[in-house]
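Analysis of the macromolecular model
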Amino acid sequence: MENNLRALELLKDIYNVDQLLSGKEYIKELVHRLAQILKVKYVLVGHAVEPDRQKIQTDYLWAGSGFADNVVYELEDTPCVNVICGTRVNCYASDVQLAFPKDQMLKDFDVESYIGAPFLHTDGRLIGLLVIMDDKPMEERELYTSVVEFFAARIGTEYRRQAVEDSLRRINENLEKLAQERTLELQRAFESLQQTQKQLISQEKLATIGRITFGIAHELKNPLNIIINSAQLLEEDDLDPESTKKATDMIYQHSQRANTIITNMLRQARQETDMEPEWINISEMLEHCLDVYVRSLTDVDLKTHLVVQKNITPNVYANVFDPPSIERVLINIIDNSLYALGDKYKKNKNSFTPSIKVDLIAADATFKIIVRDNGSGIPQKHLANVCDEFYTTKPAGEGTGLGLWIAKQNVEKNRGEIHIESEENQFTQVTIELPGQQRTQEAQL
Ligand SMILES: Nc1ncnc2c1ncn2[C@@H]1O[C@H](COP(=O)(O)OP(=O)(O)OP(=O)(O)O)[C@@H](O)[C@H]1O
Ligand SMILES: [Mg+2]
């Protein structure tokens with residue numbers, strides 16, 4: 001009974017340290033208390049050195065009145081070999097040097113008594129050992145053995161926790177290293193992206209210049225054709241004064257238009273955004289475009305047989321940012337229809353009446369222009385491509401494939417839509433819808 005009480009007292013005293021510390025600090029304090037409370041001269045805690053576990057490396061070594069430098073010692077011929085190999089507590093309450101005469105450390109420390117207990121991993125593998133030694137025999141052998149066994153187990157828990165913390169720290173360090181490497185990789189990828197982007201921008205600039213050049217060339221084709229036709233007319237010797245005046249006017253008008261096209265397309269290319277929408281009489285613009293282009297048809301045979309149907313609501317006003325761009329849309333659509341009609345007419349002169357129908361229908365806040373021809377039509381499989389840049393079915397020199405692409409860009413830029421329906425060899429119908437309204441006579445004033 002008395003013994004039990006003493007054991008409890010001892011355990012309580014030593015155990016107190018549990019409440020205050022953890023990890024290495026805890027073990028160090030525990031070693032100190034064990035030495036103090038059990039009144040033994042030496043306490044050591046060490047671990048078996050891998051891979052063969054034939055040596056012990058001390059991690060805490062209490063000697064006499066304080067901690068001594070840690071040592072590594074061979075297990076062979078020491079009492080510790082039994083603790084380690086047998087993985088159980090070993091007690092030599094006296095004469096330990098007699099049992100292990102070759103153990104130099106026992107001699108050097110003048111050790112008389114020894115108790116050692118192992119501590120293990122949860123799966124039973126050995127981690128290390130706790131040893132108490134004294135220069136006198138140990139009288140309370142059983143009590144001390146229990147205490148050493150108990151605290152060895154407790155130290156084992158700390159070592160295991162330490163191992164988990166170490167591996168967590170290593171994982172964290174690895175993660176941090178990985179994160180740093182990834183950041184570096186990302187940084188490098190980002191820099192190379194920036195580099196590529198710069199190259200792309202300069203390529204894109206070149207492409208834009210090419211596009212502008214093509215666009216301007218394409219749009220200039222029509223007024224230039226008219227100017228050339230009119231100039232040829234002027235060369236005729238017997239031209240009456242009225243026709244001369246008409247031809248000169250055409251040259252002047254379309255030179256002006258060519259000039260406006262260049263100015264506008266350059267402005268568009270610079271993406272000037274300060275444009276305000278303005279109202280233009282789209283009915284007049286449509287009438288004018290249709291007249292000019294039908295009149296300037298060079299295929300006289302086609303011109304003679306062509307049926308033009310017009311259903312143009314008067315005084316419809318479009319609300320658009322860039323009126324000349326809308327004029328170019330109309331010209332491109334009419335130009336395509338006249339080409340398709342000419343194409344079909346060449347092949348079926350006797351049985352085919354070429355016809356173009358142009359409607360302008362106003363709704364509340366929008367209007368529709370519908371241009372329909374009964375020309376060569378577009379095969380179903382190509383319908384989706386006709387607005388692509390450079391898509392053309394015309395022979396080289398006759399088409400650049402930019403007309404509908406420009407038309408679509410211009411319509412959309414002016415808040416509108418373009419739709420194309422067609423059936424091969426039957427018809428093609430292009431509808432554009434834009435913001436606008438029909439105005440009464442008073443509203444125009
Ligand atoms: N009214 C139409 N009838 C038949 N096919 C058409 C019609 N409009 C367009 N297409 C087809 O769409 C293609 C593309 O038209 P787009 O106006 O973009 O270029 P293009 O007329 O070939 O050349 P460009 O207009 O640059 O001189 C034409 O080549 C033609 O195949
Ligand atoms: Mg075209």
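This text gives an overview of the structure that appears in the document. (Residues numbered from 1 in each chain as written. Chains lettered and ligands numbered in written order. Predicted model: local features only at pLDDT ≥ 70, side-chain atom pairs only at ≥ 80, totals over all residues. Heavy atoms only, no water.)

**A few points about the overall build of the protein chain**
The test is simple: Secondary structure counts use DSSP, requiring at least four H or I residues in a row for a helix and at least two E residues in a row for a strand, with both numbered from the N terminus. It is over C-alpha atoms that the radius of gyration is taken, and the globule rule equals 2.2 Å times the number of residues to the power 0.38. Remark: exposure states derive from per-residue accessible area (1.4 Å probe, protein chains only) relative to the maximum for the residue type, with buried under 20%, exposed over 50%, and partly exposed in between. Residue contacts are defined here by distance: any two heavy atoms, one from each residue, within 4.5 Å place the two residues in contact. Computed with the Shrake-Rupley method and a 1.4 Å probe, the accessible areas treat only the protein chains shown as cover for residues. Residues scored as positive are Lys and Arg, those scored as negative are Asp and Glu, and His as well as the terminal groups of each chain are ignored. By convention, the point assigned to a charge is CZ for Arg, NZ for Lys, CD for Glu and CG for Asp.
Across its full length, the protein chain holds 13 helices and 14 strands. Over its C-alpha trace the protein chain gives a radius of gyration of 51 Å, far above what one expects of a compact globule, namely 22 Å for 445 residues. With the C-alpha coordinates of the protein chain rotated into their principal frame, the extents come out at 145 × 50 × 40 Å. Buried residues in the protein chain amount to 40% of all 445 residues. A sequence separation of at least 24 residues applies to 64% of the contacts in the protein chain between residues at least 6 apart. When the accessible surface of the protein chain is summed, it comes to about 25400 Å², and 52% of that surface belongs to carbon and sulfur atoms. Positive and negative side-chain charges of the protein chain, numbering 49 and 68 respectively, have mean locations separated by a distance of 1 Å.

**Here's the deal with the site of ligand 1**
Where we set the bar: A molecule or strand has a residue near it when one of that residue's heavy atoms lies within 4 Å. In the analysis that follows, any N or O atom pair within 3.5 Å is treated as a polar contact, provided that within protein one partner can donate a hydrogen and the other can accept it, and provided that, for residues neighboring in sequence, both atoms belong to side chains.
Neighbouring ligand 1 are 22 residues, the closest being H218, T392, T393, K394 and T400. Contact between ligand 1 and G401: an oxygen atom at 2.9 Å from a main-chain N or O atom of the residue. The separation between a nitrogen atom of ligand 1 and a polar side-chain atom of T428 is 3.3 Å. Surface burial for ligand 1 is 95%, taken as the share of its 590 Å² of free accessible area covered by protein chains.

**A short note on the environment of A396**
Within the fold, A396 resides in the loop between β12 (366–373) and α12 (403–413). Taking the relative accessible area as the measure of exposure, A396 reaches 81% and is therefore exposed. Separated by 208 residues in the primary sequence, A396 and R188 place their C-alpha atoms 46 Å from one another.

**Some points on helix α3 (residues 23–38)**
What counts here: In a helix, the anticipated span is given by 1.5 Å times the number of residues less one.
End to end, α3 covers 22 Å across 16 residues, agreeing with the expected 22 Å (1.5 Å per residue, within 8%). Taken together, the buried positions of α3 are occupied by G23, Y26, I27, L30, V31, R33, L34, A35 and L38. Just downstream of α3 lies K39, where phi reads positive at about 55°.

**As for the packing of aromatic side chains**
Stated precisely, the cut-off is as follows: The rule is short: rings of Phe, Tyr and Trp, with Trp giving its six-membered ring, pair when the centres are within 6.5 Å, and they are stacked under 30 degrees, edge-to-face over 60, tilted in between.
All told, the structure shown has 6 aromatic pairs when counted by the stated rule. Here Y42 and F109 contribute two aromatic rings whose centre-to-centre distance is 4.6 Å and whose plane-to-plane angle is 15°, an arrangement assigned as stacked. Of this pair, Y42 sits in strand β1 (residues 42–48) while F109 sits in the loop between α6 (104–108) and β6 (113–120), placing them 67 residues apart in sequence. The same class applies to Y42 as to F109, namely buried.

**Concerning a nonpolar patch on the surface**
Here is the rule we go by: Residues qualify for a patch when their relative accessible area is over 30% and they have no salt bridge, like charges being joined within 9 Å and the nonpolar side chains of Val, Leu, Ile, Met, Phe, Trp and Tyr within 5 Å. When a carboxyl oxygen of Asp or Glu is within 4 Å of a side-chain nitrogen of Lys or Arg, the pair counts as a salt bridge.
Among the surface-exposed residues, V164, L168, I171, L175 and L178 lie close enough to one another that they form a single nonpolar patch of about 450 Å² accessible area. Within the fold, L175 resides in helix α7 (residues 141–235). Residue L175 is classed as partly exposed on the basis of its relative accessible area of 47%.

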